[in-house]
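The residues making up each chain are set out below.
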Amino acid sequence: QVQLVESGGGLVQAGGSLRLSCAASGRTFSTYVMGWFRQAPGKERELVADISWSGGRTSYADSVKGRFTISRDNAQKMVYLQMNSLKPEDTAVYYCAADKTFPVQTSTANYWGQGTQVTVSS
């Protein structure tokens, strides 16, 4: 079993940066594909980025390509999302998720964190 706890959210001005962290527990963390999702009010949860178990493969939503970077540290059981050039439309609750398949999907993700709020002001 894997437990996930996100941190690093907050309020930032447009053009600013934030780094989200996801701390995982459980001995099998390195066997999971990890993803970051976000959900804005009134919208469906969407995949922002995901990363393979080794870190060698990543994918990004078109809306964040070139601005966000996902990474992981299996030794520390951590997943990160570096967010640069933030826009007001990036405002959402961001969730960390673990899945056995790539890409991570809302319908198949095995574990979820509680979410962290990111608010980007214009």
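Structural data are supplied above this passage.
Cut-offs and rules
Residues numbered from 1 in each chain as written. Predicted model: local features only at pLDDT ≥ 70, side-chain atom pairs only at ≥ 80, totals over all residues. Heavy atoms only, no water. Phe/Tyr/Trp six-rings, centres within 6.5 Å; stacked < 30°, edge-to-face > 60°. Helix = DSSP H or I, 4+ residues; strand = E, 2+ residues; numbered from the N terminus. Buried < 20%, exposed > 50% of the residue type's maximum accessible area, 1.4 Å probe, protein only. Lys, Arg positive; Asp, Glu negative; His and termini not counted. Salt bridge = Lys/Arg side-chain N within 4 Å of Asp/Glu carboxyl O. Polar contact = N/O pair within 3.5 Å; in protein donor to acceptor, adjacent residues only side chain to side chain. Contact = heavy atoms within 4.5 Å. Pairing = 2+ DSSP bridges. Axes fitted to C-alpha atoms, helices over the stretch in contact; angles between N-to-C directions. Core = buried A, V, L, I, M, F, W, Y, C linked by side-chain atoms within 4.5 Å.

Q: Looking at this structure, how should I read the packing of aromatic side chains?
A: Here a ring pair, both rings aromatic, is described through the centre-centre distance and the interplanar angle of the planes. This model, assessed by the stated rule, comprises 3 aromatic pairs. Ring plane angle 75° and centroid distance 5.8 Å describe the contact between Tyr32 and Tyr111, whose orientation is recorded as edge-to-face. Highlighted residues: Tyr32 in the loop between β3 (18–25) and β4 (33–39) and Tyr111 in strand β10 (residues 111–112), separated in sequence by 79 residues. Classification of Tyr32 as buried rests on a relative accessible area of 8%. For Tyr111, a relative accessible area of 21% gives the class partly exposed. Aromatic side chains Phe37 and Trp112 sit 4.8 Å apart centroid to centroid with 55° between the ring planes, which places their arrangement in the tilted category.

Q: Sorry if this is basic, but what is going on with the side chain of Asp50 here?
A: In this fold, Asp50 is placed in strand β5 (residues 46–51). Here Asp50 sits buried without a salt bridge, and the closest side chain of opposite charge, Arg57, lies 7.3 Å off (N-O distance). In this structure the side chain of Asp50 is engaged in a polar contact, spanning 2.8 Å, whose partner is the backbone nitrogen of Val104. Every residue in contact with Asp50, bar those within four places of it in the chain, is listed here: Met34, Gly35, Arg57, Thr58, Ser59, Ile70, Phe102, Pro103 and Val104.

Q: Sorry, what's going on with the sheet that holds strand β1 (residues 3–7) here?
A: Backbone hydrogen bonds are what pair the strands of a sheet, in a parallel or an antiparallel way. In space, the 4 strands of this open sheet follow the order β1-β3-β8-β7, with antiparallel pairing throughout. Pairing within the sheet leaves two strands with one partner each, and these edge strands are β1 and β7 (68–73). The sheet shows a mean angle of 15° between the axes of neighbouring strands, direction not considered. In this structure, β3 lies alongside strand β8 (residues 78–83), joined through 6 bridges in antiparallel fashion. Residue pairing across strands places Ser21 opposite Tyr80, the latter belonging to β8.

Q: Would you take a moment to explain the nonpolar core for this structure?
A: Across soluble globular proteins, you tend to see nonpolar side chains buried next to one another. With 29 residues, the main nonpolar core has Met34, Trp36, Leu81, Met83 and Tyr94 as its most contacted residues. Those elements that place two or more of their residues in this core are β3, β4, β5, β7, β8, β9 (92–99) and β11 (116–121). When near neighbours in sequence (up to four residues on either side) are disregarded, Tyr94 contacts Glu6, Leu20, Trp36, Phe37, Arg38, Val48, Phe68, Leu81, Met83, Gly115, Thr116 and Val118. Residues Val33, Phe37, Val104 and Ala109 belong to the second largest nonpolar core, which totals 6 residues.

Q: Would you explain unusual backbone geometry in this entry?
A: Backbone phi values are negative for most residues with the exception of glycine, while trans is the configuration of most peptide bonds. Following Phe102, the chain continues to Pro103 via a peptide bond in cis, the omega torsion being 0°. Note on placement: Pro103 falls in the loop between β9 and β10. Positive phi values are uncommon outside glycine, yet Lys77 reaches one of about 55°. Position of Lys77 relative to the elements: it lies in the loop between β7 and β8. In this structure Lys77 comes out as partly exposed when scored by relative accessible area, which is 27%. The phi angle at Ser85 is positive, at roughly 50°, despite the residue not being glycine. Checked against the element boundaries, Ser85 lands in the loop between β8 and β9.

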